[in-house]
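Okay, here's what each chain looks like letter by letter:
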Amino acid sequence: MTRKAFWQGNEAVLEGAVAAGARFYAGYPITPSSEIAELASRRLPALGGVFIQMEDEIASMAALVGASLAGAKAFTATSGPGFSLMQENIGLAIMVEAPCVVINVMRSGPSTGLATKPAQADVMQARWGTHGDHPAVALVPASVSECFSLTVAAFNLAERLRMPVFVLSDEIIGHMRERVEVPPEGSLEIWERPRPSGDPSEYRPYRPGPDGVPPLAEFGGPYVFHATSSMHDERGVSANDAGTAAALIARLGAKVLRNWELLPPPEIVDTASLLGSGHDRPGKGAKPAGGVLLVAFGSSARSARQVLVDHPERFVTLFRPRTLWPFPEAELSALVEDHESVVVAEMNTGQLVLEAERVVAGRRPVRAALRSDGEIITPEEIWEVVCGRRDARAGRTGESWSGTGGSGR
Amino acid sequence: MNEGIGIRLSGRGGQGIILAGILLAEAALRDGLNVVQTQVYGPESRGGASKAEVIVSRGPISYPKVVRPDVLLVMSQAAVDRYAGTLKEEGLLVVDTTYVHSVPAVKGRVVERPISGVARDRLGREIVASTVAAGLLVGLTGVVGVESLRDAVKARVPGGTLDLNLKALEAGFELAETSGRSGS
């Protein structure tokens, strides 16, 4: 039977991980993610799993890679400062194709920033934080309910694609409490990593299956294999010839792109769909003039959705990615020409808007509603930009920097 | 704005502000309403400013924060100085006179009660002041059912202090009935 729970976002993440089969956690607690570590320390040992508080986030990520290759569904939770420290071994996880999940409950930065306040400024760090060419998968919950469901999806994708998958939440989503309809045990679709069969002497740990993903054995079993951070061939043996390198880089990227349909799709709502079919919007059916395509994720999407509720007279479509990386470019691109302009709302100085501009490709003007002071962006701030009265990036000459020096001036 | 009711509870860390928010939220869920509960706190857990917000609505809730509260509880002078101006017109300002000595003019109704003093002197433990406050708010507004709030306390509060918290709740309900200093 479906169970009703009243959880914090961070609790829902932990419950989602447990429901997905995660039994190994290594981490270093950090605000605003600490509830996940605290709950994992109680829940996992009780389920026969492992909780380790590591000396730092570098070691935490290394432990995840080891646990994953030994067969465990492994995860950690952190915030910006810890996510920075994890980047080196996230690269290792990508290279050895170790499935694992990293939860980043974003807070204001750079560095230790505002420890208890929200931000969405790790958009690009999630994509390019570790060096080298590599794929990235990042899911972005906008409710406590999605903290559960997208954490389950993150484990599923990590296993299926054999790679680290990120869940980017933030201080607001992580700490707010909402009702969650928890699916009955056993009703969730849970994916497992592809595993080898046949003669162990024939096992090639990096020979891809039909979907581009190689079967993964467990350390300690009959399938003996070698995992290295260096460029390697199908046997997992270091190889530094150009052909091997080109093939591996291409396959790591392609295994995500060819499995695009597995990624959680964006939510697309407009005023009519939000307020019910009875709502009479001018020009319903046809595309009314002056329409604005509003792009927002996570807690900013909650503010963006409120704009639609508060201003039913205006034709606004909310495009809310659930998968931030790879960015759902085809889905966004298809909507652009039904609208007169595009507005991106995010809690940083302008990261996702760069991706939106790439997709819009000059077909429509793109404006931004931005906030990076540790406070949630408000519906009013977004509305001002939707109406064209403001654009956070208009005339980027530095005057906003010199003009808002704070109360100490 | 959200069509629901926005409640902001404010004071200092250690007063139980966030617990009171959770109790109201869980009571609302028991009444079958939609709820979002959020909080803001400083890096220090005790002594710093603390704020909890609850939005209760029949419909879905988008923006999770309260901009102009329908109901505002202030349990410190700093809290009333900071938030009194945000009260919605016709809103309700509930003041803990144990710690708040000066209330600025507001457009809504003001109810002043010695919430922390009642917890300390009548119940012997100031730590239950926020439970008294939750009872008082529900007694004044009926935003959630009295039984639902009792059930929420029973489900959330640790066993060793349950009786004390239930007494605190009753004290809060009684405070709502008394005619202390109240005006607009």
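Residues numbered from 1 in each chain as written. Chains lettered and ligands numbered in written order. Predicted model: local features only at pLDDT ≥ 70, side-chain atom pairs only at ≥ 80, totals over all residues.

**Quick look at the overall build of chain B**
For chain B, the helix and strand inventory stands at six helices and seven strands. Order of helices (α) and strands (β) in chain B, N terminus to C terminus: β-α-β-β-β-α-β-β-α-α-α-α-β. Computed over C-alpha atoms, the radius of gyration of chain B comes to 15 Å, within 12% of the 16 Å expected from 2.2 N^0.38 for 184 residues, which places it in the range of a compact globule. Each principal axis of the C-alpha distribution contributes one length, and for chain B these read about 40 × 35 × 35 Å. Classification of the 184 residues of chain B by burial places 54% in the buried group. (Helix = DSSP H or I, 4+ residues; strand = E, 2+ residues; numbered from the N terminus. Rg over C-alpha atoms; globule rule 2.2 N^0.38 Å. Buried ≥ 20, exposed ≤ 12 C-beta atoms within 10 Å, placed from the backbone.)

**Remarks on the overall build of chain A**
Within chain A, the secondary structure is distributed over 14 helices and 15 strands. Scaling as 2.2 N^0.38, a compact globule of 409 residues should have a C-alpha radius of gyration of about 22 Å, and chain A matches this with 22 Å. With the C-alpha coordinates aligned to their principal axes, the bounding extent of chain A is approximately 65 × 50 × 45 Å. Looking at chain A as a whole, 49% of its 409 residues are labelled buried. Long-range contacts, defined here as pairs at least 24 residues apart, represent 75% of the contacts in chain A between residues at least 6 apart. (Contact = placed C-beta atoms within 7 Å.)

**Re the pairing of strand 14 (residues 341–346) of chain A**
Each regular strand displays side chains that alternate between the two surfaces of the sheet. All names here are of chain A. Strand 14 sits mainly inside the fold: five of its six residues count as buried. Pairing analysis gives five bridges linking strand 14 to strand 15 (residues 366–370), with the strands arranged parallel. Across the sheet, residue Val344 finds its bridge partner in strand 15, namely Ala368. (Pairing = 2+ DSSP bridges.)

**Quick notes on the packing of helix 1 (residues 17–30) of chain B against helix 5 (residues 146–156) of chain B**
Residues and elements named next belong to chain B. Across the interface, helix 1 lies against helix 5 with an axial gap of 8 Å and an inter-helix angle of 120°. Classified by the angle between their axes, helix 1 and helix 5 sit oblique to one another. Our pair here, helix 1 against helix 5, has a crossing hand that is right-handed. Within the contact between the two elements, helix 1 uses Ile22, Leu23, Glu26, Ala27 and Arg30 and helix 5 uses Ser148, Leu149, Asp151, Ala152, Val153, Ala155 and Arg156. Residue composition of the contact of helix 1 with helix 5, grouped by class: seven nonpolar, one polar and four charged. (Axes fitted to C-alpha atoms, helices over the stretch in contact; angles between N-to-C directions. Parallel < 35°, antiparallel > 145°, perpendicular 65-115°, else oblique. Left-handed = near helix turned anticlockwise from the far one by under 90°. Nonpolar A, V, L, I, M, F, W, Y, C, P; charged D, E, K, R; others polar.)

**A look at the interface of chain A and chain B**
With 17 residues of chain A at the contact, the number on the chain B side is 17 residues. Sorting the residues of the side of chain A that touches chain B by element identifies strand 6 (114–118), helix 7 (171–175), strand 9 (177–182) and helix 10 (298–310) of chain A as the ones contributing at least two each. Broken down by element, the side of chain A that touches chain B gets its largest block of residues, six residues, from helix 10 of chain A. When its residues are assigned to classes, the side of chain A that touches chain B shows seven nonpolar, four polar and six charged. Note: strand 9 of chain A against strand 2 (residues 34–41) of chain B, two bridges, orientation antiparallel. In the sheet register, Glu178 of chain A faces strand 2 of chain B, and the bridge partner there is Val36 of chain B.

**Section: unusual backbone geometry**
Residues and elements named next belong to chain A. Residue Pro110 follows Gly109 across a cis peptide bond; omega there is 5°. Its place among the elements puts Pro110 in the loop between strand 5 (100–108) and strand 6. With an omega dihedral of -10°, the bond running from Trp325 to Pro326 counts as a cis peptide bond. Summarising the element assignment, Pro326 is placed in the loop between strand 13 (323–325) and helix 11 (329–336).

**Quick notes on the nonpolar core**
In terms of nonpolar packing, the biggest core is built from 177 residues, with Val101 and Leu294 of chain A together with Leu24 and Val132 of chain B touching the most fellow members. If you count residues domain by domain, this core takes at least three from each of domain 1 (3–191) and domain 2 (267–393) of chain A. If sequence neighbours within four positions are ignored, Val132 of chain B has contacts with Ile115, Val118, Ala119, Ala168, Ala171, Gly172 and Leu175 of chain B. (Core = buried A, V, L, I, M, F, W, Y, C linked by C-beta atoms within 7 Å. Domains from an automatic or database assignment.)

**Quick notes on the domain arrangement of chain A**
Residue and element names in this part refer to chain A. As far as domains go, chain A holds domain 1 (3–191) and domain 2 (267–393). Here the C-alpha centre of domain 2 lies 27 Å away from the C-alpha centre of domain 1. At the interface, 24 residues of domain 1 touch 20 residues of domain 2. Among the elements of the structure, strand 6, helix 5 (123–128), strand 7 (138–139), strand 8 (164–170) and helix 7 are those that each provide at least two residues to the side of domain 1 that touches domain 2. It is helix 5 that contributes the most residues to the side of domain 1 that touches domain 2, four residues altogether. Partitioned by chemical class, the residues of the side of domain 1 that touches domain 2 number 18 nonpolar, three polar and three charged.

**Comments concerning helix 6 (residues 144–161) of chain A**
Residue and element names in this part refer to chain A. The end-to-end C-alpha distance of helix 6, which contains 18 residues, comes to 25 Å, matching closely the 26 Å that a straight helix rising 1.5 Å per residue would cover. Where burial is concerned, most of helix 6 is hidden: 16 out of the 18 residues are buried. Of the residues one or two after helix 6, Arg162 is the one with positive phi, at around 55°. (Expected span 1.5 Å × (residues − 1).)

**Digging into the sheet that holds strand 12 (residues 316–320) of chain A**
Residue and element names in this part refer to chain A. The strand order across the open sheet formed by five strands is 10-12-11-14-15, and the pairing between neighbours is mixed. Two strands lie at the open edges of the sheet, namely strand 10 (267–270) and strand 15, each paired on one side alone. Strand-to-strand, the axes of this sheet are offset by a mean angle of 20°, without reference to chain direction. Direction of pairing for strand 10 relative to strand 12: antiparallel, over a ladder of four bridges. If you follow Val269 over to strand 12, its bridge partner there is Leu318. Strands strand 11 (292–295), strand 14 and strand 15 of the sheet are contacted by helix 12 (residues 352–360), whose axis makes an angle of about 160° with strand 14.

**As for helix 1 (residues 9–20) of chain A**
Residue and element names in this part refer to chain A. Its 12 residues give helix 1 an end-to-end C-alpha distance of 16 Å, which sits within 8% of 16 Å, the value for a rise of 1.5 Å per residue. In terms of burial, helix 1 is a largely internal element, 12 of the 12 residues being buried. Along helix 1, the residues classified as buried are Gly9, Asn10, Glu11, Ala12, Val13, Leu14, Glu15, Gly16, Ala17, Val18, Ala19 and Ala20. Gly21 sits one or two residues past helix 1 and shows a positive phi near 105°.

**Points about the confidence of the model for chain A**
Mean pLDDT over chain A: 93, with 94% of residues reaching 70 or higher. Under a pLDDT of 50 for its full length, residues 402–409 of chain A has, in the predicted model, zero contacts with residues more than four places off or in other chains. (pLDDT = per-residue confidence, 0-100.)

**As for the packing of helix 1 of chain B against helix 4 (residues 129–141) of chain B**
Residues and elements named next belong to chain B. Put simply, helix 1 and helix 4 touch, their axes get as near as 8 Å, and they point 40° apart. Classed by the angle they form, the pair helix 1 and helix 4 counts as oblique. Crossing geometry of helix 1 relative to helix 4 is assigned as right-handed. Here Ile17, Leu19, Ala20, Leu23 and Leu24 of helix 1 come into contact with helix 4, specifically with Ser130, Thr131, Ala133, Ala134 and Leu137.

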